[in-house]
Amino acid sequence: MKFVSTFVIIIALILMVFNATKINFNAPFESDSIVALITILAALCAIVLMLILKTSKRIEKKVKQKK
């Protein structure tokens, strides 16, 4: 699980960088720029979810060690 979540975070970061290059800063809410902004937002959501998953697994491991 550790490998999968790290892999998803890395892929999301790569997508964010790629889509940041697609944004037209003169008109950020038109055509391809809006798609790039939505994809960047989706990648941020994926990163947050993976970090929550990693934290919950870490907490679960500590709780099991106490028992």
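Scroll up to find the structure this text is about.
Residues numbered from 1 in each chain as written. Predicted model: local features only at pLDDT ≥ 70, side-chain atom pairs only at ≥ 80, totals over all residues. Heavy atoms only, no water.

Student: Help me understand helix α2 (residues 31-66), please; the structure alone is not making it clear to me.
Tutor: In an α-helix there are 3.6 residues to a turn, and that puts residues three or four apart on one side. Here α2 is 36 residues long and its end C-alpha atoms lie 54 Å apart, about the 52 Å a rise of 1.5 Å per residue gives. All buried positions along α2 are accounted for by S33, A36, I40, A43, I47 and M50. Tucked inside the fold, the buried residues of α2 contact α1 (2-20). (Helix = DSSP H or I, 4+ residues; strand = E, 2+ residues; numbered from the N terminus. Expected span 1.5 Å × (residues − 1). Buried < 20%, exposed > 50% of the residue type's maximum accessible area, 1.4 Å probe, protein only. Contact = heavy atoms within 4.5 Å.)

Student: Before we go on, may I ask you to explain α1 in this structure?
Tutor: The end-to-end C-alpha separation of α1 is 27 Å, in line with the 27 Å expected for 19 residues at 1.5 Å each. Buried within α1 we find S5, I9, A12, M16 and N19. Down the axis of α1, the sector holding all buried residues measures 100°, keeping them to one side. Across from the buried face of α1, at angles greater than 90 degrees, the exposed residues are F3, I14 and V17. Along its buried surface, α1 packs onto α2. (Arc of directions from axis to C-beta.)

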